[in-house]
Amino acid sequence: MSTGRPSLRRDLPFRRIAVVLTGGGAMGAYEVGVLQALENAGIKPAIVAGVSVGAMNAVLWVAHHFRTAPLASIWSGLTPDKIGMRRGALAMRTIGAFLVLVALAQALLALAGSHQTSLARWITRRAPESDLWSELLDVVAWLLVAAVGVAMGRLAPFADEWLARRGTPPSPERLQRWFGIVLLVWALIHLATWGFGVPWPHRFSATVLLLASVAWLAHQPDRAGRWTRAVLQRLLPETRGRALWTNETRRRLLGRLLRMGDVRAITKGDPHLLISACVVDTGHMCYFVNWPHPTADFRERIGETLGEVAVMRSPREIVEAAIASSAVPGVFEPVRILGREFVDGGVFSNQPLRVMLADGADAILAVLVAPSAGPPPLPRELGTIGLGARLLELANWRDLQAELRSLPPEWTREPKGAAAARVCVVEPREALPGGMYGFDPSSARDLMERGLEDAWEALGRAGWLEGGVEPAEAAERS
């Protein structure tokens, strides 16, 4: 019985193995487990292709000379805010914009929408003094709220970082209780000034009470709170009109992690590094490559698939390409490179297998984060967001089937006799838990373990391993 680690077959004939890392958001942790198995088996690919989160993993894997420990360490502490999904800043921007719009509208209504401040009332001077002062106070109060809204929009990133440095925040239950007390006191003051005719910004006060009460209700854990939250989610506008978050946090993160490795490894062109992103203006797939002189044949074959080639000559250009490849439409804003805008490459081509053939690969190891046997299971209920996610899943599945069927007949997923298969597909047995945006350290560790186990099984099934090591035994030795 073998006592060493599993390794590649000594007679494995492949010399230009291509590893393809697909997109999948938080499920990219699964790919890290697969890469660990490849490292332990001694696989050093000649080509590494990455799409979306797979592009981020590919860049870092190559920069660390195919060592996976740095990637495992990164994913073990990855949370949504560390990749730029800062919900606090998003909420502040949304509330700030909402305050500006409401405040300006209310200020206009207070001046032009009330007969108490009309031109005729000013001429006849019949307006009650208390009503006149109340409406003028309304105007001043709403203009102050508009100023607060502008300040919130500008200070959102700084406030988010300041709150993060404060440590443990007060308990939500305590804040909710104090918020309710403040609302009650405000309501009593409003009713007293209104009932006794005391000058007071009544319209401003009533509007703020209404909005604050809705916010308080939305944070209640009961059925009314759930209903209120569902209604509000449908009313929230898109931030900046193009996406929810910018790419700056991911850009800084990838740049910092890259400098921890060997930046020369990703620019020298050995191995070939290939990152794909979708060009917004033409709809073409752009394949960013790190070798200086792609052949005319390679460019021609890419062009046949409605694609184009761009050469990355510096670490900064490689970072921008990876950020563009992972710019999920609607979530992260498009990335502008040389005057053109790019978005997530996984939207239309998540498994560029034909591109690997165009680059001279003689075997492909494709890492998927969803089973390839059939379309993803249909959920019982499909809302607007659920339907969009379903269509994206179907598009990725159809793209994979088209890519696999376009391979030459001898490129099979099963060994032929003693000959190893040219295509090794590593995939989960069932849908992975957590979803695309479930970035969580505990989930990441579980996904990495699954990827490691599935990789050994796929390598053994493809006939790439020496000695026929069982998957469970191989995973244990890793």
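Residues numbered from 1 in each chain as written. Predicted model: local features only at pLDDT ≥ 70, side-chain atom pairs only at ≥ 80, totals over all residues. Heavy atoms only, no water.

Colleague: Just give me the short version of the pattern of salt bridges, but keep the residues and values in it.
Modeller: Summed over all chains, the structure comprises 16 salt bridges. Asp-262 is the partner of Arg-264 in a salt bridge, and the nearest nitrogen-oxygen pair spans 3.3 Å. By relative accessible area, Arg-264 is classed as exposed at 63%. The residue Arg-429 makes a salt bridge to Asp-454 at a minimum N-O spacing of 3.1 Å. (Salt bridge = Lys/Arg side-chain N within 4 Å of Asp/Glu carboxyl O. Buried < 20%, exposed > 50% of the residue type's maximum accessible area, 1.4 Å probe, protein only.)

Colleague: Residue-level account of unusual backbone geometry, with values.
Modeller: In this model, Asp-270 is joined to Pro-271 through a cis peptide bond whose omega is 10 degrees. Tracing the backbone shows Pro-271 in the loop between helix H10 (248–259) and strand E4 (272–279). The residue Leu-306 is not glycine, and still its phi comes out positive at about 60 degrees. Mapped onto the elements of the fold, Leu-306 is located in the loop between helix H11 (296–304) and strand E6 (307–311). You can call Leu-306 exposed: its relative accessible area is 57%. Positive phi, close to 55 degrees, is recorded for Leu-338, a residue that is not glycine. If you trace the backbone, Leu-338 turns up in the loop between strand E8 (335–337) and strand E9 (340–344). The class of Leu-338 is exposed, set by a relative accessible area of 86%. (Helix = DSSP H or I, 4+ residues; strand = E, 2+ residues; numbered from the N terminus.)

Colleague: So what's going on with the pairing of strand E5 (residues 285–289)? Residues and values would help.
Modeller: By the criterion of burial, E5 is predominantly enclosed, with five of the five residues buried. Neither face of E5 is exposed, since Met-285, Tyr-287 and Val-289 on one face and Cys-286 and Phe-288 on the opposite face are all buried. The pairing of E4 with E5 spans five bridges and is antiparallel. Looking at E5, one finds that Cys-278 is bridged to Met-285. Counting the residues between successive antiparallel strands, the hairpin from E4 to E5 contains five residues, one of them, Gly-283, with a positive phi of roughly 80 degrees. Both E5 and E6 contribute to a ladder of five bridges, which runs parallel. Across the sheet, residue Tyr-287 finds its bridge partner in E6, namely Val-309. (Pairing = 2+ DSSP bridges.)

Colleague: Give a detailed account of the packing of helix H2 (residues 53–63) against helix H12 (residues 315–325), specifying residues and quantitative values.
Modeller: The N-to-C vectors of H2 and H12 enclose an angle of 155 degrees; their axes lie 7 Å apart at closest approach. One finds that H2 runs roughly antiparallel with respect to H12. Note on packing geometry: the crossing formed by H2 with H12 is left-handed. Residues Ala-55, Met-56 and Val-59 of H2 pack against Ile-318, Ala-322, Ile-323 and Ser-325 of H12. The residue inventory of the contact of H2 with H12, partitioned by class, reads six nonpolar, one polar and no charged. (Axes fitted to C-alpha atoms, helices over the stretch in contact; angles between N-to-C directions. Parallel < 35°, antiparallel > 145°, perpendicular 65-115°, else oblique. Left-handed = near helix turned anticlockwise from the far one by under 90°. Contact = heavy atoms within 4.5 Å. Nonpolar A, V, L, I, M, F, W, Y, C, P; charged D, E, K, R; others polar.)

Colleague: Describe in detail the nonpolar core, supporting the description with residues and values.
Modeller: The biggest cluster of nonpolar side chains holds 82 residues, and the ones touching the most others in it are Leu-38, Trp-75, Ile-275, Phe-288, Leu-365, Leu-459 and Trp-464. Broken down by element, the residue count for this core peaks at nine residues, all from H2. Dropping the residues within four chain positions of it, Trp-75 is found in contact with Gly-25, Ala-26, Gly-28, Ala-29, Val-32, Val-53, Asn-57, Phe-439, Pro-441, Ala-444 and Met-448. (Core = buried A, V, L, I, M, F, W, Y, C linked by side-chain atoms within 4.5 Å.)

Colleague: Pulling in residues and values, what's your account of the environment of Phe-342?
Modeller: As for its placement among the helices and strands, Phe-342 is situated in strand E9. On the accessibility criterion, Phe-342 (3% relative accessible area) is buried. Distance from Phe-342 to Val-280, taken between C-alpha atoms, is 5.5 Å for residues 62 residues apart in sequence.

Colleague: Describe the side chain of Asp-454, and please don't skip the residues or the numbers.
Modeller: Here Asp-454 is to be found in helix H15 (residues 441–461). Apart from residues no more than four positions distant in its own chain, Asp-454 is found in contact with Tyr-30, Val-426, Glu-427, Pro-428 and Arg-429.

Colleague: Before we move on, can you summarise the state of the cysteines with the specific residues and values?
Modeller: The final tally for this structure, using the stated rule, is zero disulfides. A disulfide-free cysteine, Cys-278 has its sulfur positioned 9.9 Å from the sulfur of Cys-286, the nearest such atom. The class of Cys-286 is buried, set by a relative accessible area of 2%. (Disulfide = S-S within 2.5 Å.)

Colleague: How would you explain H2 if you had to name every residue and give the values?
Modeller: Of all eleven residues that make up H2, eleven are buried, and the element is covered over most of its length. Taken as a whole, H2 has its buried residues at Val-53, Gly-54, Ala-55, Met-56, Asn-57, Ala-58, Val-59, Leu-60, Trp-61, Val-62 and Ala-63. One or two positions beyond H2, positive phi appears at His-65, with a value near 55 degrees.

Colleague: Could you give an account of the side chain of Asn-396, with specific residues and numbers?
Modeller: Within the element layout of this structure, Asn-396 appears in helix H14 (residues 384–405). Beyond its immediate chain neighbours, meaning those up to four positions away, Asn-396 contacts Gly-346, Asn-350 and Gln-351.

Colleague: Which residues make up the packing of aromatic side chains, and what values do they have?
Modeller: Centre distance and the angle of the planes are the two values used to describe a pair of aromatic rings. As enumerated under the stated definition, the model contains six aromatic pairs in all. Between Phe-14 and Trp-464, the aromatic rings sit 5.6 Å apart at their centres with planes inclined by 50 degrees, giving tilted as the arrangement. Linking Phe-14 in the segment before strand E1 (17–21) with Trp-464 in the loop between H15 and helix H16 (471–477), this pair joins segments that are 450 residues apart in sequence. By relative accessible area, which is 8% here, Phe-14 ends up buried. Their ring planes at 65 degrees and their centres at 4.8 Å tell us that Trp-61 and Phe-66 sit as a pair that is edge-to-face. Assessed through its relative accessible area of 12%, Phe-66 is described here as buried. Positioned over the ring face of Phe-332 is Arg-250, at 4.1 Å from the centre of the ring. (Phe/Tyr/Trp six-rings, centres within 6.5 Å; stacked < 30°, edge-to-face > 60°. Lys NZ or Arg CZ within 6 Å of the ring centre and 35° of its normal.)

Keep in mind that these numbers describe shape and distance, not what the molecule does.
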